[in-house]
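Architecture at a glance
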Amino acid sequence: MTSKEHLLHYLILFLILTLGLVGFVVFRFRPQLQLLVVGLTVGGYILWGIAHHYTEERLRWEVVGEYILVGVLVFVMFALTLLR
Amino acid sequence: MNCATTLTVNFLIYFKAVMNPFLPEEHRAPVIHKKALAIYISILLSFYLFLNFFKTAAPGILGFASNIFVEEIVEVTNAYRRENSISELRLDPTLSRAAQKKAEDMFADDYWAHVAPDGTKPWYFITAVGYDYVYAGENLAKDFQKSESVVVAWMDSPTHRQNILNDRFKDIGVAVVNGTLNGYETTLVVEMFGRRPPEALAKGGQSSPTQVAGTSPATTSQVEPPEESPVEIPSESISTELPQEAYREAQWSLSAQTRPKVDVFSLTRSLSLALGSMVLGFFTLDTYTARKRGLVRLSGHTVAHFGLLILLLGFVWFLKPGAVL
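Residues numbered from 1 in each chain as written. Chains lettered and ligands numbered in written order. Predicted model: local features only at pLDDT ≥ 70, side-chain atom pairs only at ≥ 80, totals over all residues. Heavy atoms only, no water.

Within chain A, the regular secondary structure consists of three helices and zero strands. Counting from the amino terminus, chain A carries its helices and strands in the arrangement α-α-α. C-alpha atoms of chain A, sized along the principal axes, occupy 45 × 25 × 10 Å. Relative to its full complement of 84 residues, chain A shows a buried share of 48%. Residue pairs at least 24 apart in sequence account for 64% of intrachain contacts in chain A once pairs closer than 6 positions are excluded. In the form shown here, chain A has an accessible surface area of approximately 4,400 Å², with 75% of it arising from carbon and sulfur atoms. Of the side chains in chain A, 6 bear a positive and 5 a negative charge, and the two mean positions are spaced by 18 Å. (Helix = DSSP H or I, 4+ residues; strand = E, 2+ residues; numbered from the N terminus. Buried < 20%, exposed > 50% of the residue type's maximum accessible area, 1.4 Å probe, protein only. Contact = heavy atoms within 4.5 Å. Areas by Shrake-Rupley, 256 points an atom, 1.4 Å probe, with all protein chains shown as cover. Lys, Arg positive; Asp, Glu negative; His and termini not counted. Charge placed at Lys NZ, Arg CZ, Asp CG, Glu CD.)

On to the overall build of chain B, then. Secondary structure assignment for chain B yields eleven helices and ten strands. When the 325 residues of chain B are sorted by exposure, 50% land in the buried category. Working note: accessible area of chain B is about 15,100 Å², and carbon and sulfur atoms make up 58% of it.

The next point concerns the interface of chain A and chain B. At the interface, 41 residues of chain A touch 58 residues of chain B. For the pairing of chain A and chain B, the buried interface totals around 4,100 Å² over both sides, and the portion due to carbon and sulfur atoms is 74%. One salt bridge in this structure joins Lys 34 of chain B and Glu 62 of chain A, with 2.5 Å as the shortest N-O distance. The tally of links between chain A and chain B comes to six residue pairs in polar contact (both at pLDDT 80 or more). Of all elements in the fold, only helix H1 (3-26), helix H2 (31-55) and helix H3 (61-81) of chain A reach the threshold of two or more residues within the side of chain A that touches chain B. Partitioning the side of chain A that touches chain B into residue classes produces 25 nonpolar, eight polar and eight charged. (Buried area = accessible area lost by both parts, 1.4 Å probe. Salt bridge = Lys/Arg side-chain N within 4 Å of Asp/Glu carboxyl O. Polar contact = N/O pair within 3.5 Å; in protein donor to acceptor, adjacent residues only side chain to side chain. Nonpolar A, V, L, I, M, F, W, Y, C, P; charged D, E, K, R; others polar.)

Before going further, it helps to spend a moment on the confidence of the model for chain A. Predicted coordinates in areas of low pLDDT are best not read in detail. Residue-level pLDDT values for chain A average 89, and 96% of them are 70 or greater. By mean pLDDT, the top-scoring element of chain A is H2 of chain A (93), and the lowest-scoring one is H1 of chain A (91). (pLDDT = per-residue confidence, 0-100.)

Take the pairing of strand S6 (residues 184-195) of chain B next. Residues and elements named next belong to chain B. Within S6, eleven of the twelve residues are buried, leaving the element largely enclosed by the surrounding structure. By the bridge criterion, eight bridges tie strand S4 (residues 135-142) to S6 in an arrangement that is antiparallel. For Lys 142, the partnering residue across the bridge sits in S6 and is Leu 188. Direction of pairing for strand S5 (residues 171-181) relative to S6: antiparallel, over a ladder of eleven bridges. From the neighbouring strand, Leu 181 faces S6, where its bridge partner is Tyr 184. Counted along the chain from S5 to the antiparallel partner S6, the turn is two residues long, and its residue Asn 182 has a positive phi close to 55°. (Pairing = 2+ DSSP bridges.)

This part is about the packing of H3 of chain A against helix H2 (residues 34-57) of chain B. H2 of chain B packs onto H3 of chain A with a crossing angle of 25° between their chain directions and a minimal axis gap of 9 Å. Considered as vectors, H3 of chain A and H2 of chain B are oriented roughly parallel to each other. When the axes of H3 of chain A and H2 of chain B are compared, the crossing they make is left-handed. Residues Glu 62, Gly 65, Glu 66, Leu 69, Val 70, Val 72, Leu 73, Val 76, Met 77 and Leu 80 of chain A of H3 of chain A form the contact with H2 of chain B, whose participating residues are Lys 34, Leu 37, Ala 38, Tyr 40, Ile 41, Leu 44, Leu 45, Phe 47 and Tyr 48 of chain B. Taken together, the residues of the contact of H3 of chain A with H2 of chain B sort by class into 15 nonpolar, one polar and three charged. (Axes fitted to C-alpha atoms, helices over the stretch in contact; angles between N-to-C directions. Parallel < 35°, antiparallel > 145°, perpendicular 65-115°, else oblique. Left-handed = near helix turned anticlockwise from the far one by under 90°.)

Summarising the element assignment, His 33 of chain B is placed in the loop between helix H1 (3-19) and H2. Considered as a pair, His 33 of chain B and Phe 283 of chain B are 250 residues apart in the sequence and their alpha carbons are 10.0 Å apart.

A separate point is the packing of aromatic side chains. In this description, an aromatic ring pair is defined by two values, namely the gap between the centres and the angle between the planes. Taken as a whole and judged by the stated rule, the model has nine aromatic pairs over all chains. Aromatic pair Phe 78 of chain A and Phe 315 of chain B: ring centres 5.9 Å apart, planes at 65°, arrangement edge-to-face. Residue Phe 78 of chain A is found in helix H3, and its partner Phe 315 of chain B is found in helix H11 (residues 302-318); the two belong to separate chains. Of the two residues, Phe 78 of chain A and Phe 315 of chain B, neither departs from the other in class, the shared state being buried. Ring centres of Tyr 124 of chain B and Phe 125 of chain B lie 5.4 Å apart, and the angle between their planes is 75°; on these two criteria the pair is classed as edge-to-face. Overall, Phe 125 of chain B belongs to the buried group, its relative accessible area being 5%. Taken together through their ring pairs, the aromatic side chains of Tyr 10, Tyr 45, Trp 48 and Tyr 67 of chain A make up a single cluster. For the cation-ring pair, Arg 269 of chain B lies above Trp 317 of chain B, with the distance from its terminal atom to the ring centre recorded as 5.3 Å. (Phe/Tyr/Trp six-rings, centres within 6.5 Å; stacked < 30°, edge-to-face > 60°. Lys NZ or Arg CZ within 6 Å of the ring centre and 35° of its normal.)

What follows is the structure, encoded as C-alpha cells:
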C-alpha cells in the first residue's frame with residue numbers, strides 16, 4: 001500500500017469519527033439518537049478496520065475480532081452511561 | 001519488607017508480566033488481548049444487569065440528582081422570548097395544576113411520553129383542571145440537574161423551541177415533580193403552554209372546561225391547533241409580569257431537589273471514564289513496548305483504536321444528564 005493510499009484510509013477513518021462527533025453534538029439531549037450515532041460510528045470503525053486490513057492483505061480473524069471487541073467495548077461503555 | 005511494599009512489588013511484577021506481549025504469537029499484551037477485552041465487556045454488561053435488577057428490587061435508591069425551580073424555568077423561557085421580541089408568558093396557576101397532574105400521571109403509570117399508555121392526551125389534563133383554551137402545547141423533560149439546562153435543551157430541539165417561541169401562547173404552566181420512574185428516582189419537568197379564548201379572559205380566566213378536538217400528537221413537543229380560526233387577543237389584556245400569587249398558588253411544584261442515595265449518572269459515567277482511560281493507557285503502554293522491542297504484531301491498528309477510544313472518552317466526558325420529549 002502506498003503512503004498516499006494509507007493517508008486516504010486514515011482520512012476516511014477521521015471522517016467516520018468526525019461524523020460521529022457531529023452527530024453526538026447535534027443530538028445532545030436525545031439519548032436514543034446519540035446511542036444510534038455511537039452505534040453507527042462503531043459500525044463504521046469496524047468496517048474501516050476490515051477494509052483497511054483487507055487492502056493491506058493482512059486481514060485475519062484475530063484482527064477482525066480485535067476491531068469488533070474494541071468497538072463493542074466502546075458501545076457498551078457509552079450505552080451504560082446513557083442508562084435510563 | 002513490609003506488607004505494602006511486598007504488595008507493590010508483586011503488583012509491578014504482575015503488571016510487567018501482563019503487559020508483556022506473547023512473543024511467540026506476536027499478540028497484544030494480555031491486558032488488551034481479545035480475552036481481556038471480552039472480560040471488560042462482560043464486567044460492564046454484568047454491572048448493567050445488576051443495576052437493572054437493583055432498580056427493580058429497591059426502587060428509588062438509584063436516581064438522578066436535580067435542583068430545579070419553577071420560577072427559573074419560567075424566567076429562562078421568557079428570556080428566550082424577549083430575545084426573539086415575543087411577549088412574555090404569564091404563569092397561570094390553572095395551567096401549572098394541569099402540568100402537575102400530567103407529571104403525577106406519568107409517575108403513577110410509569111411512562112414517559114406525551115400520550116399515556118391508555119391513550120390520554122396532554123389536552124385532557126389541561127381541560128380537566130378548567131383551563132379553556134384555543135391553543136395549547138406541552139414540553140417534557142427529565143433527569144436534568146439544573147433549571148437552565150432544561151430550557152436550553154428544549155431550545156436545542158426544533159419542535160420544543162417552536163413551543164417556547166410560539167407567539168400564539170400567552171400563558172405558561174410549569175410543574176417540577178420528584179418521583180420514581182422506571183425504578184429511578186428523578187425529577188420530571190412539565191411545561192404547558194396555552195391561550196384562553198377571549199370570552200374566558202373576560203370571565204377572569206375561570207371558564208368551565210371546554211373540550212377542543214385535538215389532532216394526534218406526531219412530534220416530540222405538542223401544539224394543539226385550534227378547531228376554529230384563531231382569535232386575536234388584545235395585547236394589553238395579557239400581563240407581561242409574573243404575578244407572585246401565581247407562584248404561591250402553585251406552591252406544590254415550586255421546586256424539586258432530588259438527592260438519590262446513588263446518582264446513577266455519576267456512577268455509570270465514572271465507571272465508563274475509568275475503564276476507557278485504563279484501556280487507552282494499556283494500548284499506549286503496549287504500543288510503546290512493542291516499538292521499543294521492534295515487534296511486528298498480528299493486530300489491528302492502534303491509531304484507529306486510539307481514535308475511537310478518545311472519541312468515546314470525549315462523548316462520556318461531555319455527556320450531560322437529561323432528556324427532552
